[in-house]
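Architecture at a glance
Chain by chain, the residues:
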Amino acid sequence: MSGRSIDVAVKAIRTYTAERDNDANSEKKIRREIITWLNLDHNNVVPLFGTTMNFGRLPAMVCPWLENGSLTFYLERPNSIFTITHRLSLVIDVAVGLQYLHSRSVVHGDLSGSNVLVDGEGRACISDFGLSTLLTGLGRSSCATFYPYPGTQRWTAPELLEFRGRDGDDAPLNISPSPRGDVYSFGRVMLQVCPSSTTFALAR
């Protein structure tokens, strides 16, 4: 590795509150997720190189830079033509990566075309697993969703879209992301990669 340089991406978590009282607790939660990520090793899962500071109050995560960006961006590039073989290869990449995460008791919770990345060889790699749930629990941040459930609506399992409790109040049901929810989201990714219509034409 001596003398070799590679491009990296830095995922910074920036909170919008001025309160620092919960920073220590938040950092512990983030570091637990980081340890989980560091212990993962699979060709279809984006690796974590480590962490760095000075990108905000909380640790930032350092990952390899994948040249082709997100799966959504990759599929929508102008003048790109994808054979059915390549499309199926992308689907298989995501399926194998997700199977590996579940075999390690890791629930993604936010699988979509935006956090599946594609490397320079056209291989799909899953990223950002568990971060949506974590950030929602930490409060408002640059990565947190506006909705009271983690994930992107278009890919989210129906049970996570329930806004009303069983007694009719307006509080959202306390339903956590699960492997079954990930499988539903994977099905939506399949439709995005191998569409039978323009269902995801406006998805980002």
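Residues numbered from 1 in each chain as written. Predicted model: local features only at pLDDT ≥ 70, side-chain atom pairs only at ≥ 80, totals over all residues. Heavy atoms only, no water.

In the nomenclature of an unreviewed UniProt entry, the protein is known as Protein kinase domain-containing protein of Paxillus rubicundulus Ve08.2h10.

**Observations concerning the sheet that holds strand E3 (residues 60-64)**
With antiparallel pairing, the three strands of this open sheet are ordered in space as E1-E3-E2. Looking at strand neighbours, the two that pair on one side only are strand E1 (8-11) and strand E2 (50-52), the edges of this open sheet. Averaged over all adjacent pairs, the angle separating strand axes in this sheet is 35°, with direction ignored. In terms of strand pairing, E2 meets E3 through three bridges, oriented antiparallel. Across the sheet, residue Gly50 finds its bridge partner in E3, namely Val62. (Pairing = 2+ DSSP bridges. Helix = DSSP H or I, 4+ residues; strand = E, 2+ residues; numbered from the N terminus. Axes fitted to C-alpha atoms, helices over the stretch in contact; angles between N-to-C directions.)

**Re the layout of surface pockets**
Over the atoms rolls a probe the size of a water molecule, and in doing so it shows where empty space is left. Considering only enclosed or pocket space, the largest pocket measures out at about 420 Å³ in volume. Along the walls of the largest pocket sit 23 residues, with Pro47, Phe49, Pro64, Leu66 and Arg123 positioned nearest its centre. Partitioned by chemical class, the residues of the lining of the largest pocket number 14 nonpolar, three polar and six charged. (1 Å grid on protein atoms, 1.4 Å probe; cavity = no way out; pocket = protein on both sides within 12 Å on 5 of 7 lines; lining within 4 Å. Points joined across faces, edges and corners; volume = space filled by probe spheres on them. Nonpolar A, V, L, I, M, F, W, Y, C, P; charged D, E, K, R; others polar.)

**Describing the pattern of salt bridges**
Counting across every chain of the model gives two salt bridges. The residue Asp128 makes a salt bridge to Lys11 at a minimum N-O spacing of 3.1 Å. Note that Asp128 is positioned in the loop between strand E5 (124-126) and helix H4 (131-138) and Lys11 in strand E1, a separation of 117 residues in sequence. Salt-bridge contacts for Arg123 lead to Asp119; the nearest nitrogen and oxygen are separated by 3.1 Å. The buried category is assigned to Asp119, whose relative accessible area is 9%. (Salt bridge = Lys/Arg side-chain N within 4 Å of Asp/Glu carboxyl O. Buried < 20%, exposed > 50% of the residue type's maximum accessible area, 1.4 Å probe, protein only.)

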